[in-house]
Amino acid sequence: MPRRVEPCVATLVDNSPKGPDWAFEVKWDGYRLAVHVEPGEVRAITRGGYDWTPKFGSIVAEARELGHTPMIIDGEAVVLDDQGRSDFGLLQRAVGKKPSAHDASEIIFYAFDLLCLDGRDLRWLPLSERRQLLEPIVAGMMGAIRFSEEVAADGAEFFRAACELGLEGIVAKRRDKPYRSGRQPEWLKIKCARRDTFVIIGYEPSTMPGAIGRLLLAARKGDNFVYVGGCGTGWSNKESVDLRKVLDTIRATRPPVALKRKGAVFTDPLLVADIEYRAWTQDGKLRHPSFKGVKQRDDNALPLFTLDELPRTDSE
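Calculation criteria
Residue positions are counted from 1 within each chain, in the order its sequence is given. Given that the model is predicted, a residue must reach a pLDDT of at least 70 before its local features are reported, and side-chain atom pairs must reach 80 or more before they are shown or counted; all residues, however, enter totals for whole chains, interfaces and linings. The side-chain figures draw on all heavy atoms in the structure; neither hydrogens nor water molecules are used. Under the scheme used here, helices are H or I runs from DSSP no shorter than 4 residues and strands are E runs no shorter than 2 residues, and both carry numbers assigned from the N terminus. Relative accessibility under 20% of the residue-type maximum defines a buried residue, over 50% an exposed one, and the middle range a partly exposed one, all with a 1.4 Å probe and only protein chains included. Here a residue-residue contact requires only that any non-hydrogen atoms of the pair lie within 4.5 Å. Note on areas: Shrake-Rupley, 1.4 Å probe, and residue coverage restricted to the protein chains presented here. In summary, the charge assignment counts Lys and Arg as positive and Asp and Glu as negative, without counting His or the chain termini. To locate a charge, the coordinates of NZ of Lys, CZ of Arg, CG of Asp or CD of Glu are taken. Paired strands, in this sense, are two strands between which DSSP finds at least two bridges. The axes are straight lines fitted to the C-alpha atoms, using for helices just the contacting stretch, and the angles between their N-to-C directions are given from 0 to 180°. Disulfides are defined as cysteine sulfur pairs within 2.5 Å. By convention a nonpolar core is built from buried Ala, Val, Leu, Ile, Met, Phe, Trp, Tyr and Cys residues, the set being connected through side-chain atoms within 4.5 Å. The quantity known as pLDDT measures the predictor's confidence residue by residue, on a range of 0 to 100.

A.B. asks: Would you mind showing me how to read the overall build of the protein here?
C.D. replies: Tallying secondary structure elements over the protein gives five helices and 18 strands in all. The principal-axis extent of the C-alpha atoms belonging to the protein is close to 70 × 45 × 40 Å. Within the protein, buried positions represent 48% of all 316 residues. Restricting to contacts in the protein with at least 6 residues of sequence separation, those with at least 24 account for 68%. Looking at the protein as shown, the accessible area adds up to about 16,100 Å², and 48% of this sits on carbon and sulfur atoms. Between the averaged position of the 47 positive side-chain charges in the protein and that of its 46 negative side-chain charges there is a distance of 6 Å.

A.B. asks: I keep staring at the sheet that holds strand E9 (residues 169–174) and nothing clicks. Help me out?
C.D. replies: Backbone hydrogen bonds hold the strands of a sheet together, and the pairing may be parallel or antiparallel. The strand order E1-E10-E9-E2 describes an open sheet built from four strands, whose pairing is mixed. Strands at the two margins of the open sheet, each flanked by one partner only, are strand E1 (8–12) and strand E2 (22–26). Geometrically, the sheet is characterised by an average inter-axis angle of 40° between neighbouring strands, direction not taken into account. In terms of strand pairing, E2 meets E9 through five bridges, oriented antiparallel. Its bridge partner being in E9, tryptophan 22 is matched across the sheet by arginine 174. Each of E2, E9 and strand E10 (182–191) touches helix H4 (residues 155–164); the most contacted strand, E9, lies at about 155° to it.

A.B. asks: It is not clear to me how the state of the cysteines should be interpreted in this structure. Could you clarify?
C.D. replies: Working definition of a disulfide: a covalent bond connecting the sulfur atoms of two cysteines. Applying the stated criterion across every chain yields a total of one disulfide. The thiol of cysteine 116 is unpaired, and the distance to the nearest cysteine sulfur, on cysteine 8, comes to 15 Å.

A.B. asks: Hey, could you run me through the pairing of strand E6 (residues 108–117) in this one?
C.D. replies: Within a regular strand, side chains alternate between the sheet's two faces. Burial within E6 is extensive, with ten of its ten residues counted as buried. Examined bridge by bridge, strand E5 (residues 71–78) and E6 share eight bridges and lie antiparallel to one another. Residue pairing across strands places isoleucine 73 opposite leucine 114, the latter belonging to E6. With two bridges joining them, E6 and strand E7 (residues 120–121) adopt antiparallel strand pairing. Across the sheet, the residue bridging to leucine 117 is arginine 120, located in E7. Taking the residues that link successive antiparallel strands as the turn, the E6-E7 hairpin has two residues, and the phi of aspartate 118 there is positive, at about 50°.

A.B. asks: Help me out: how do you make sense of the nonpolar core in this one?
C.D. replies: Note on soluble globular proteins: their nonpolar side chains tend to be buried together. Among the nonpolar cores identified, the biggest contains 32 residues, and Ile59, Ile73, Ile107 and Val138 are the most heavily contacted of them. Taken together, the elements giving at least two residues each to this core come down to strand E3 (31–38), strand E4 (41–46), helix H1 (57–63), E5, helix H2 (88–95), E6, helix H3 (127–138) and strand E8 (145–147). Per-element accounting of this core gives the leading share, five residues, to H2. Those residues in contact with valine 138 that lie beyond four places of it in its chain are Leu66, Ile73, Ala111, Ile145 and Phe147. In terms of nonpolar packing, the next biggest core, distinct from the first, is built from 21 residues, Ile200, Tyr203, Cys231 and Tyr277 among them.

A.B. asks: Looking at this structure, how should I read the confidence of the model for the protein?
C.D. replies: In low-pLDDT segments, the atomic positions of the prediction should not be examined closely. Across the protein, the average pLDDT comes to 88, with 91% of residues at 70 or higher. Low pLDDT, under 50, characterises residues 300–316; the predicted model gives this stretch 37 contacts beyond four residues in sequence or across chains.

A.B. asks: Looking at this structure, I do not really get the pairing of strand E13 (residues 224–231). What am I missing?
C.D. replies: Of all the eight residues making up E13, six are buried; the element is thus mostly covered by neighbouring parts of the structure. Taken together, the seven bridges between strand E12 (residues 212–221) and E13 define a ladder with antiparallel strand orientation. Bridging from a neighbouring strand, leucine 215 pairs with cysteine 231 of E13. The hairpin formed by E12 and E13 contains two residues between the paired strands, and glycine 222 there has a positive phi angle of roughly 70°.

Written out as structure tokens, the structure is:
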């Protein structure tokens, strides 16, 4: 049995595929893991090939009790929030060194593929057959190891439902294809994206002369603004230069929010940015934000966040 298998990685697309050849699953927001069960040893190997066995003690302990050796199970390690959604921020805290309300015992491994079993390499088999072999091994388990269920639904309908539930997205996989390492077209991921407007409170200069490296953004919280992070992608070089020229005309004498950023240039909160993002982090920052445009602030028309709609931080 190989000591490591480079994982198959899904290709990002805008729309879900159609047809009976595709199987659909929830896109879990966590760490990709391969659990290697070998005689006298269980290892948890990350997507990059690192041995993180000590970080996933509960998963490793349950894997020892699965009753098949040797085998390699492909899946995702996650921590679920109160609504049962995988939350990458919670996972980072659970595996981190800093004290946290979440610990490693909360980490769940969602198994979705079986690469080797009893010394037999299964990667040449179609996905449907690999999952038929995997299901009786892990199905019904509700502890640290669980089966990532296939959802019997139209892909487009499933995607809409996933986004309405606040999930990261869905994954589509060809039932009839073997397992191939690397980024492949037979595995697709479709991500839910959110889009809102945020007040620009400043910027960090780019290494390119006259351009912006990162916009500093805020949202309304009561009568004030709260910092929600920075955005450093989504514009062309020309747009970056033009936007900096505009922002330099409305420089602020003091920061609009309580924020210290070395080298930052703060501006009066007169402009808003249209931002696409994936989710909120646990400390109330935008995750994977991308700039889509800018306009003048109009409090009567601007759908800024209220106190209840903003993510809570640990101090609140």
